[in-house]
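Spelled out, the chains give:
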Amino acid sequence: MINQKLSAMPRITISTKNREISKFTDILFFLLRFCEVQYKRTEQSFKINSVNGEWCNIQSQFIKNPDFDLFFNLDLDFFLGLLNNSVDNYYYYYQVTNYQQNEHFLKDERGDIEVEWKLQLAAELARSNGLILLKYMPKIRHIISWYRRAVNKEVTTYLSAMLRNTVVSLSTIYPIEQSSVEYTFVFDDEQEFFKSHLPVRDWAKTGDIFNLGIKYHIPNVQEIEACLDFINDNLNESFDFLTKTIDDMSRTSKEERNRELNFVNHLMYSGSRLIKRAVNYKNVTDHINTQVQIGHLDDAKKGLGFEIAYANDENHEYSKISSRHRELMFGLREKCIHFLIDLVEKLTKSHSNETLLLQLISRVLCTASITYGFFVSDFEKLWKNHHTNKSSLQNKLLGKKNTLRSELVTRIVLQYQYRTFYIHTRLNELDIRVIDTLFKLSVDSVYASVRKDAQSQLFSFLSHYPHSNLVIVPKVVAMLNKCNTNDESKLTHDQLKGCLYIISGNNYLDSLMIKQNWSVLNQLWPVLLRCQSYEKPSVQALLDKIYVRLDKDFDSFENRVQLDNGTVQLAFELSEKTKLSFDNHKRLDGFVANSKQETQLVANLMDNLISIARESTLSWKNQSTSYGSLMYLLFSCQNDNQLMKPECIELFVDSLIHENIHIRKIAIDALCIIFKMVKHKKQTIEIRAEDLVKEQTKNVVSSIEINTYNPGYREDNKWHLYDPDFLTKSNWSETKFMDKSYWGYYCWPSKIKVNLNRRKFYSLDTTEDDYFSKAMRPVVNRFRKDPNFFVKFLQLYRIEESRGHEKFDKKAFYVFKSLFRNYGTIDIIPNLESHLKNLITDKETTTQERSHKLAAELTSALIRGSKYWPFDQLKKLWSDLESVFNLLIENVTSENLSLWKSCFSNAYEDQDPRRLTFYLNYFKNLAFRILPNSDQDASESSSTSTSFQQTSCLQFLIAFSQVEWRAPEFWASLIDLFLNNMSHPYKSVREKIGFCLALSHVTDVDYSASINSSSNIQKNKNQMKNMKRFIDYLEKRLDKGIELFSSVSDSVEDEAAKLADSKSPQHQSAINCLQTIFAWFGYYIYKSYQPVNRHIIRLIPQLCSVDKIAAQEVTIKTQLPMIRIALSMWIMDKTSSREFINQLAVIIL
């Protein structure tokens, strides 16, 4: 908080020398008295330390003040106890103790708050400009040498901060200041300054992004050489200490060893921008199977202000860096890595119980290997803090970006720091040694804390280099292969868990099980699925975690790119026009070889997974996971049907009757993919829309308008509407069906693709020798030739535990649909009609719903799968389905009606209504047979069918909404039947009738008044007469109902008599009719096309006169306000708007 306030304050310049000394000494000793607590260690000391830190940080901000040297000398000399008595008597207030020369103090873990305060101040002052620190380097070295051997944690922390801040200040490019304003004022003239300017008005002043005026600190030669010497000397001292103590651990304590490693870590982290990567090691690229160049050609040339080109340029300042310091620049990182690797080898052999030391080594090793300026985690914290400050200080009401200059400078610094990530992208031989070391610690250590920390550092390391995870895959596979051995080389549980944690990954590195690399998956999946070491629950839990992540996060991929000859030829032609010198033929041969290799890897992986799934010695968990992995493999290969093998199809077909329900579900999912891979393509032709219309209308329509917006029913789109006599007067095989509903209603395109009404099918004869017939033989052998297979499947499917309210399974539907589509006959499943009838007539309570679910899926699959069947096969199918439907209407129940609704809705989707002629005719006749044919019969409920059967019949009719606008004659033929049942005594029937009436009229829209069309095509007016006739009927019924209730209200004064009359059959029939009308209105609002049909406006007076009826009926009372509001919000043309206003005027007057 203090730092943020400081950045917004004006900069102060002191004019005279005497006044300068007076001001600073007063401030200095006031803070000394406030902050210092001598010979005390209380809870207050922690608060004091935080105040010290803030004040020290403030002092380090004055680095641009030309008089800062004096301030630095006053502070530093005072706290080092090197002051003389010539400055002020205040200096004698603070007496220098001799603790720093006392061995007792250095070994005292409690420390001393006075010394801690001194070191904290010195560490924060080390944040100053590198030019200032340069002349104080001997004093800084002196401080570090005094307290280096202290074991107190606070002292070690402050010394580490001093090392880090010193190196960063000397070696980093950073802005010199981050102030929010640019003016200055002096104490001598402060009264005049405040007369002309008030600084408080500049609080939160925004910065000019185009004129920030930033000045940077760029290290010079002296700073770089001093920094390299400083790092080298301190590293050597730490290395010497660790080398001597590792041989004899009794000579030092754990705290001392950890202290020295902590120093090494801070030195390598802070100096990582200056210290270059080792250049004497060969880059390793054998594990990357690509022809794309990964990374730059020379990583040593990259840097952040210290490029090698500068040192080689005689005109550049950095060319003056001595050869010794250049060697240090290139050798310190390599030296540190080698030392740490050797240290790990010594510790693992003789002192493997030094867990904390090994943890620190793994961290330092990762820091020395991949860090070049900043940790990603630290950067993310600063980035989040910056955006928090920025958003809290911005004034969004001004409508533009307004940010403090200090925050703009911070954003630039963060952008510079972002460049330090992933500065090197290619592994070298030294990196491989680091990976080997971290891998050994991650797996072989017997201590979980060491393994966990090494795994975390290994993940960070691998995430830094592209494709580096390929290096450890062979190591992991080699370790897991030892799981199933019984000799001494078998993995221990700790080693197995270490391998599994590496496979699992973390937030830095994704699990190796989901890598999109065929080589990795081919090695890792089989060996892990064959792993059987499950003695400990922790191992099993870890395997379950890996399997769950595989199931959740694996994304199917297809990296086996296939190039056709045209693409290759075009690539050669383009390459000839460029200046690139590549051997294109050689690269093409390499690409082809890689494609063949990956294809072989996929084939091998599929064979291994099939073998694992059939191994009876493995646990069910392994087998289940192998099924899932094989399904993921199919997802990735679904565009290459040449990879399909009969063994794979046979495995999943057999798994349909597996005893495990989970495997049965996986088998259904996998068969969906397989059947999609092996299906024959549709035979399509592209034809001019005008020629198509002429052909289908037999030249009745001579011309059509192309790409002209002319919605509605016309003579040129009449030919592909529903026709009840289509099956008797048309040639089925030669008919061109239009399955997509969007063609023809609004306009016609110039050309249109039409599917021919025929398709290639697989033969039921298993003697054919082509590739796909061989692959599909297991399907025929099971479904066609094994009569018990489908029976067992039905038994297993029916006894599955019902969850209640079963939903239509589209995956099972697709499997059955694919069977009927691919083989073109119902005979692929023998006795299917009898199976369907048995399922529908199942009366067992526990299996009834599941039976109807399976029957609905099979029926829907038959309707959709028979789309391209020959006409003789279709007639046989329709004959079978007619008896099934007759049985269905007698056995459907409220629990499974929704399943059959989904069945028919799914079956009619994207189908030409002419294909559905049989189903439309059947259910239309069924409605006339089931529903009462007169209003009196409906009111008296004298029909032989039950109300639920009538509701089910209407629900089956509603499923034809999938044909949308293309069945007007179908609905028109049923309108009289619906009108006769508007007063039906059962509410469910009335609601379904209201929905059917809405579907009957949603397309009765006249666009002529709302669209300025110059079309000469004759509109089909016959399709637009239904609505007028229907509104006339509704007007009469509404007037009759209003008059009936008004007469009761006027003639009867007794409330009891009114109530009795309102419950009479005549009044109840009127209320039922009104409820149906309001149900129709509600559905019509939801389903209707726009603009509104003008005939509906005639109902407005009646809708405003039914308040008396609405007061007695809750349903009407709740729907009436919504209908009135919706009617006023409808889109209307000019004619309808005038009529609407006239009706409102009539109501008001």
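Residues numbered from 1 in each chain as written. Predicted model: local features only at pLDDT ≥ 70, side-chain atom pairs only at ≥ 80, totals over all residues. Heavy atoms only, no water.

- The chain carries the name Proteasome activator complex subunit 4B-like in an unreviewed UniProt entry, which gives Brachionus plicatilis as its organism.

## A short note on the overall build of the chain
Item 1. What the chain contains, in helices and strands, is 51 helices and six strands.
Item 2. The buried share of the chain, reckoned over its 1149 residues, is 53%.
Item 3. When the accessible surface of the chain is totalled, it reaches about 54900 Å², and 51% of it is carbon and sulfur. (Helix = DSSP H or I, 4+ residues; strand = E, 2+ residues; numbered from the N terminus. Buried < 20%, exposed > 50% of the residue type's maximum accessible area, 1.4 Å probe, protein only. Areas by Shrake-Rupley, 256 points an atom, 1.4 Å probe, with all protein chains shown as cover.)

## Focus on the packing of aromatic side chains
Item 1. If you walk through the whole model with that rule in mind, you get 51 aromatic pairs.
Item 2. A cation sits over an aromatic face here: R259 above F241, 5.4 Å from the ring centre.
Item 3. Here the basic side chain of R850 rests over the ring of Y797, its NZ or CZ set 4.6 Å away from the ring centre. (Phe/Tyr/Trp six-rings, centres within 6.5 Å; stacked < 30°, edge-to-face > 60°. Lys NZ or Arg CZ within 6 Å of the ring centre and 35° of its normal.)

## Section: the nonpolar core
Item 1. F652, F816, W900, F904, Y919, F923 and W1080 are the most contacted members of the largest nonpolar core, which has 267 residues in total.
Item 2. Among the elements that make up this core, the one with the highest residue count is helix α28 (residues 661-678) (twelve residues).
Item 3. In this structure, V693, V701, M738 and V754 belong to the second largest nonpolar core, which totals eleven residues. (Core = buried A, V, L, I, M, F, W, Y, C linked by side-chain atoms within 4.5 Å.)

## Structural notes on the environment of N469
Item 1. Topologically, N469 is positioned in helix α20 (residues 469-480).
Item 2. For N469, a relative accessible area of 11% translates into the label buried.
Item 3. With 40 residues separating them along the chain, N469 and L509 place their C-alpha atoms 9.0 Å apart.

## Brief notes about unusual backbone geometry
Item 1. Even without being a glycine, H467 presents a positive backbone phi close to 65°.
Item 2. In this fold, H467 is placed in the loop between α19 (448-464) and α20.
Item 3. Assessed through its relative accessible area of 34%, H467 is described here as partly exposed.
Item 4. The backbone phi angle of N831 is positive, close to 60°, even though this residue is not glycine.
Item 5. Mapped onto the elements, N831 comes out in the loop between α34 (810-823) and α35 (832-840).

## Brief notes about a nonpolar patch on the surface
Item 1. Side chains of F194, L198 and V200 sit close together on the surface and give an oily, nonpolar patch of about 280 Å² of accessible area.
Item 2. Inspection of the secondary structure assignment puts F194 in helix α10 (residues 190-196).
Item 3. Note on F194: relative accessible area 40%, which makes it partly exposed. (Patch = residues over 30% accessible without salt bridge, like charges linked within 9 Å, V, L, I, M, F, W, Y side chains within 5 Å. Salt bridge = Lys/Arg side-chain N within 4 Å of Asp/Glu carboxyl O.)

## What to know about the pattern of salt bridges
Item 1. Within the structure shown, the criterion is met by 36 salt bridges.
Item 2. For R782, the salt bridge identified is with D654, shortest N-O distance 2.5 Å. Separated by 128 residues along the polypeptide, R782 in helix α32 (residues 777-784) and D654 in helix α27 (residues 646-654) bring together distant segments of the chain.
Item 3. One salt bridge connects K811 with D669, and the closest N-O pair in it is separated by 3.2 Å. On the criterion of sequence distance, the pair formed by K811 in helix α34 and D669 in helix α28 is long-range, its members being 142 residues apart.
Item 4. If you follow the salt bridges from partner to partner, you end up with R148, E237, R259 and E260 in one network.

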